[in-house]
Amino acid sequence: MSLEIPVWPQELIKMVMNKDQCSIRLDGVTPVIENFSNFISISSAEDFIKSNILNIEVSESENIQRVNLILEDQSKNPINFEINLKLNECAKLEFLDESIYSIDSNIKLLTTLHKNSCFELYKLNSYKSENTNMFFHDCSLLENSSFKDYSFSNGSKENFSKTVINLNDINSKYLGSGVSINDSTNSNTEVEIRHNTKMASSDCYFKTVAKGSSKVNFDGTIFVDNHCSKTISNQVSKGLLIGKESKINLVPKLEIYNDDVECSHGAASGQPDKNTLFYLTSRGISKEDAEQIYVEGFLSEFFETIENNLMAEKAKNFINLNT
Amino acid sequence: MLEINNLNVSVEDNKILNNLSLSIKTGEVHAIMGPNGSGKSTIAHTLAGNPNYQVESGSISFNGKDLLDMEPTERSLDGLFLAFQYPIEIPGVTNASYLRQIMNSHRKHQGKDPIEAAAFLKLLKEKSAYLKIPFDMHSRFVNTGFSGGEKKKNEVLQMDLLDPKLIIMDETDSGLDVDALKVTADAINQMKSKNRSLVIVTHYLRLLEYIKPDYVHIFQNGQIIESGDSSLASRIDKDGYE
């Protein structure tokens, strides 16, 4: 007796494999939105075309939900849209954008994280040196919500990224890590963390490598309002100058109006340590490879902060490709 | 193997080596002793091509090649190895990946394929066991947070993996306890061969009691003021440099 193996419809297989996922494909003309998740509600492609606004709402689920933003053929129009993202109570979302931006872009993300929700944003973006690319993110966190924000980019002609974090309720947590690897490109990153409640915490790390004639600016502000006791906030920014004409400007700012806080900041930039490069070359490694090993070592501190193994691997690959 | 003639070297405009000449044949073991500031480390780093050391005049020939015309990378690939007195810490780079990279640089130069991960792991386990290096040290960043002894053993391990023709050891015995010194000295003795030369820079007799040098040179003011056999090291240990 022979058993007949059932042939499952491809569409069903796809749905099972992607059951917690939603993908947004953009080609500058017609967006394609595929939503296989029962816990993500998202605007239709038609509404998105009309308004240029994408509304995404995520509700409580056992598994972490995923949204992938995928930019495809971008030969026609600049990318310009807004995402309104809402995580309901106890919702969990991982948002991944690992697109290569080959035209100008202007993306605005407005996020609200309700009680006990968890949001992880991974942006691993390559840009072209001739383009202008802007990204604005305004995120409000309510009680016991958390936001892990990882951003990797390689700069462009004008690359501007501004993130405003509003810690509005107790026990809200923000962990932000940014890496900018520039090779004769420019990068401006602003991170403003506003502690508007007591007992919230934030950690912000920024590292940059500037090669060729790159110019990198980082402006990091920690604001703690006068009623916000028991605040914990740390900020570290470090820059590595590789190119003789490259410039790095790190500006940490603390505005603290409460005494009962633990806040720190540190900023440092400089060239690779000559003794380290000599040590590596004295072992038979070429000057170029020694520099690359040095840069990878400098940036790899971030891998340890990424708990998600797949994303940590993606971050490693991004750094390997761009250094 | 190595011919140093009338070498003058400065560091930040301070002259350290004064008309130094030294000849080392293949298979010989030379020890360099001398008080602090006499130029022992300067000759070690000059041979390895450290750009902080400026050669004012003189010549160095290494296996018939003009060493001073060679970059540090080339010197290493041609078989020169300096074991550092103060090994450099490289945060963010695991020791295992670093060791594999340095091995593969040499293999590439020799026209060999990169060593496969499994073969490398096996080799690393064998060498680490021999040197009594805890294997988890290799998952830590290069020399970062290593004890003094671990750093020195890591230098000897690199030496072993790269199989150099000329080894220069800059105070490898400093920072080693009695047991670690014996393990390290045993490993170095294993590497002694008729095809390889060693230059051991040291302050103390204890390492030279394990590794018997053919020649001992006493440095003072950037010059060799006396040379002799291994009994010279015993005399210095007993009477000092005065």
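Rules behind the numbers
The residue count restarts for each chain, going from 1 along the sequence in the order it is written. Each chain is given a letter, starting from A, and each ligand a number, starting from 1, according to the order in which they appear as written. Where totals are concerned, whole chains, interfaces and linings use all residues; where local detail is concerned, this predicted model gives features only for residues with pLDDT of at least 70, and gives and counts side-chain atom pairs only at 80 or more. Working from all heavy atoms in the structure, the side-chain values ignore hydrogens and water. Strands are runs of DSSP state E lasting at least 2 residues, helices are runs of H or I lasting at least 4, and numbering of each runs from the N terminus. Throughout, the radius of gyration refers to the C-alpha atoms, and the reference size of a globule is 2.2 Å times the residue count to the power 0.38. Each residue is assigned to one of three classes by its accessible area relative to the maximum for its type, calculated with a 1.4 Å probe on protein chains only: buried under 20%, partly exposed between the two thresholds, exposed over 50%. The contact rule is simple, with two residues in contact once any of their heavy atoms fall within 4.5 Å. Surface accessibility follows the Shrake-Rupley procedure with a 1.4 Å probe radius. Residue values consider only the protein chains on display as shielding. For the charge count, each Lys or Arg is scored as positive and each Asp or Glu as negative, with His and the chain ends excluded. Charged groups are reduced to one reference atom each: NZ for lysine, CZ for arginine, CG for aspartic acid, CD for glutamic acid. One requirement defines pairing of two strands: DSSP has to find at least two bridges between them. Each axis is a line fitted through C-alpha atoms, and for a helix only the stretch in contact is used; angles between axes span 0 to 180 degrees, taken between their N-to-C directions. Here the angle decides the label: under 35 degrees means roughly parallel, over 145 means roughly antiparallel, 65 to 115 means roughly perpendicular, and every other value means oblique. Two helices cross in a left-handed way if the nearer one is turned anticlockwise from the farther one by less than a right angle. They cross in a right-handed way if the turn is clockwise. Here the nonpolar group is Ala, Val, Leu, Ile, Met, Phe, Trp, Tyr, Cys and Pro; Asp, Glu, Lys and Arg are the charged ones; every other residue, Gly included, is treated as polar. For a helix, the expected span equals 1.5 Å multiplied by the number of residues minus one. Salt-bridge detection follows one rule: a side-chain nitrogen of Lys or Arg within 4 Å of a carboxyl oxygen of Asp or Glu. A 1.4 Å probe defines the accessible area here, and the buried area is the portion of it lost by two parts on being joined, summed over both. Here a polar contact means two N or O atoms within 3.5 Å. Within protein one must be a hydrogen donor candidate and the other an acceptor candidate, and residues neighboring in sequence count only if both atoms are side-chain atoms. We call a set of buried residues a nonpolar core when its members are Ala, Val, Leu, Ile, Met, Phe, Trp, Tyr or Cys and they connect through side-chain atoms within 4.5 Å of each other.

Explain the overall build of chain B to me, and be specific about the residues and the numbers.
Assigned secondary structure in chain B consists of 8 helices and 12 strands. Taking 18 Å as the expected radius of gyration for a compact globule of 242 residues, we find that chain B reaches 18 Å, a close match to that expectation. Judged by the C-alpha coordinates and their principal axes, chain B covers about 50 × 40 × 35 Å. The 242 residues of chain B split such that 51% are buried. Taking as baseline every contact in chain B between residues at least 6 positions apart, the subset at least 24 positions apart corresponds to 69%. In the form shown here, chain B has an accessible surface area of approximately 10,800 Å², with 47% of it arising from carbon and sulfur atoms. The centroid of the 26 positive side-chain charges in chain B is displaced by 6 Å from the centroid of its 32 negative side-chain charges.

A description of the pairing of strand β6 (residues 80–83) of chain B should follow, citing residues and the corresponding values.
Looking along a regular strand, one sees the side chains alternate between the two faces of the sheet. Residues and elements named next belong to chain B. Of the two faces of β6, the one carrying Leu80 and Leu82 and the one carrying Phe81 and Ala83 are both buried. Note that β6 and strand β9 (residues 166–170) share 4 bridges and pair parallel. Counted as the bridge partner of Phe81 is Ile167 from β9.

Could you give me a rundown of the packing of helix α3 (residues 95–109) of chain B against helix α5 (residues 148–162) of chain B, with the residues and numbers involved?
Residues and elements named next belong to chain B. At a minimum axis distance of 10 Å, the contact between α3 and α5 shows a crossing angle of 30°. Considered as vectors, α3 and α5 are oriented roughly parallel to each other. In this structure, α3 crosses over α5, and the sense of that crossing is right-handed. Every residue of α5 that contacts α3 at Asn95, Tyr98, Leu99, Ile102, Met103 and His106 is listed here: Asn154, Leu157, Gln158, Leu161 and Leu162. Here the residues of the contact of α3 with α5 sort into 7 nonpolar, 4 polar and no charged.

Break down α5(B) for me, with residues and values.
Residue and element names in this part refer to chain B. For α5, spanning 15 residues, the distance from its first C-alpha to its last is 22 Å, which sits close to the expected 21 Å at 1.5 Å a residue. The element α5 is extensively covered by neighbouring structure, given that 13 of its 15 residues are classed as buried. Asp163, located one to two residues past α5, shows a positive phi value of around 50°.

Hey, could you go over the pattern of salt bridges for me, with residue numbers and the actual values?
Residue and element names in this part refer to chain A. A complete count under the given rule lists 21 salt bridges over all chains for this structure. Among the salt bridges present, the one from Lys123 reaches Asp97, with a minimum N-O distance of 3.7 Å. Placement of Lys123 in strand β10 (residues 118–127) and of Asp97 in strand β7 (residues 92–97) is noted, with a sequence separation of 26 residues between them. In terms of burial, Lys123 and Asp97 fall into one category: buried.

Let's hear about the interface of chain B and chain A: which residues, and what values?
Contacts between chain B and chain A engage 31 residues on the former and 17 residues on the latter. Between chain B and chain A, a total of about 1,800 Å² is buried, with carbon and sulfur atoms accounting for 62% of that surface. The interface formed by chain B and chain A contains 2 salt bridges. Where A:Lys287 meets B:Glu71, a salt bridge forms, and the shortest distance between an N and an O atom there is 3.8 Å. Our count for the contact surface shared by chain B and chain A stands at 14 residue pairs in polar contact (both at pLDDT 80 or more). Sorting the residues of the side of chain B that touches chain A by element identifies α1 (40–48), α2 (72–77), β6, β7 (90–94), α3 and α5 of chain B as the ones contributing at least two each. The greatest single-element share of the side of chain B that touches chain A, amounting to 5 residues, is contributed by α3(B).

How would you explain the nonpolar core if you had to name every residue and give the values?
Note on soluble globular proteins: their nonpolar side chains tend to be buried together. In this structure, A:Phe152, B:Ile4, B:Ile43 and B:Leu47 are the most contacted members of the largest nonpolar core, which totals 101 residues. Beyond its immediate chain neighbours, meaning those up to four positions away, B:Ile4 contacts B:Leu20, B:Ser21, B:Leu22, B:Ile43, B:Leu47, B:Ser59 and B:Ile60. Core analysis: the second largest hydrophobic core is formed by 46 residues, A:Ile79, A:Phe95, A:Phe135 and A:Ala200 among them.

How would you summarise the side chain of B:Lys40 if you had to cite specific residues and measurements?
All names here are of chain B. Position of Lys40 among the secondary structure elements: in helix α1. No salt bridge is formed by the buried Lys40. Its closest oppositely charged neighbour is Glu171, at 4.3 Å. Once you skip the residues sitting within four places of it in the chain, Lys40 turns out to touch Ile32, Met33, Gly34, Pro35, Glu171, Val201, Thr202, His203 and Phe219.

Before we move on, can you summarise the sheet that holds β6(B) with the specific residues and values?
Residues and elements named next belong to chain B. A sheet is described by the order of its strands in space; here 6 strands give the open sequence β6-β9-β10-β3-β11-β12, paired in mixed fashion. A single partner strand is all that each edge strand has here, and the edge strands are β6 and β12 (223–228). Adjacent strand axes in the sheet meet at a mean angle of 20°, parallel and antiparallel pairs treated alike. Running at roughly 170° to β6, α5 makes contact with β6 and β9 of the sheet.

Lay out the sheet that holds strand β19 (residues 247–256) of chain A with the relevant residues and their values.
Residues and elements named next belong to chain A. If you trace the 9 strands from one edge of the open sheet to the other, you get β3-β4-β6-β9-β11-β13-β15-β17-β19, paired in mixed fashion. Edge positions in the sheet fall to β3 (40–42) and β19, since each of these pairs with one other strand and no more. Averaged over all adjacent pairs, the angle separating strand axes in this sheet is 10°, with direction ignored. As paired strands, strand β4 (residues 53–58) and strand β6 (residues 79–87) are joined by 6 bridges and run parallel to one another.

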